[in-house]
Amino acid sequence: ARAFLVFDEETIRWYTPKTELAKVTATKIVFEGGEAPRITAEILNQEYEPLYNVTVVATVFDAKNNAIAASASVVDIEARGSVPVVFTWNAAFPGMPARTEVLPLPSLK
């Protein structure tokens, strides 16, 4: 299955954040396949202030670069700290996973 998005240029509104984005990265990403796939990662806060309600998205892609699974989690991260995050699925993926991405969504400071 595939999905295609078409954007109506006349109704799109673009917004620019008024403040700087927080520096959050994902490291130590590990994928475990099988009947109950799982992704673990470490989310790092490079800021000197704690961050709250940071959304982290894990996406699994097949060999054709199509997303075949995704999951999200919300975490709080201490200043200059890190937190582990785990994404699980209760069934095997519909296709063969080729790569994974774990991306924290940008947070405003």
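See above for the structure.
To keep things clear, this report deals only with the structure shown in the data block. (Residues numbered from 1 in each chain as written. Predicted model: local features only at pLDDT ≥ 70, side-chain atom pairs only at ≥ 80, totals over all residues. Heavy atoms only, no water.)

## Observations concerning the overall build of the protein
Helix and strand content of the protein: zero helices and six strands. The N-to-C order of helical and strand elements in the protein reads β-β-β-β-β-β. Expressed as lengths along the three principal axes of its C-alpha atoms, the size of the protein is roughly 40 × 40 × 20 Å. When the 109 residues of the protein are sorted by exposure, 28% land in the buried category. Once local pairs closer than 6 in sequence are excluded, the contacts in the protein between residues at least 24 apart make up 64%. Accessible area for the protein stands at about 7900 Å²; split by element, carbon and sulfur atoms hold 54% of it. (Helix = DSSP H or I, 4+ residues; strand = E, 2+ residues; numbered from the N terminus. Buried < 20%, exposed > 50% of the residue type's maximum accessible area, 1.4 Å probe, protein only. Contact = heavy atoms within 4.5 Å. Areas by Shrake-Rupley, 256 points an atom, 1.4 Å probe, with all protein chains shown as cover.)

## Brief notes about the nonpolar core
Core analysis: the biggest nonpolar cluster contains 20 residues, and Ile 43, Phe 87, Trp 89 and Val 102 have the highest contact counts within it. For this core, the secondary-structure elements that each account for two or more residues are β2 (38-45), β3 (51-61), β4 (67-77) and β5 (82-88). Take this core: its biggest share by element is five residues, from β3. (Core = buried A, V, L, I, M, F, W, Y, C linked by side-chain atoms within 4.5 Å.)

## Some remarks on the pattern of salt bridges
Scanning all chains against the criterion turns up one salt bridge. A salt bridge links Glu 101 to Arg 99; the nearest nitrogen and oxygen atoms lie 2.9 Å apart. For Arg 99, a relative accessible area of 33% corresponds to the partly exposed category. (Salt bridge = Lys/Arg side-chain N within 4 Å of Asp/Glu carboxyl O.)

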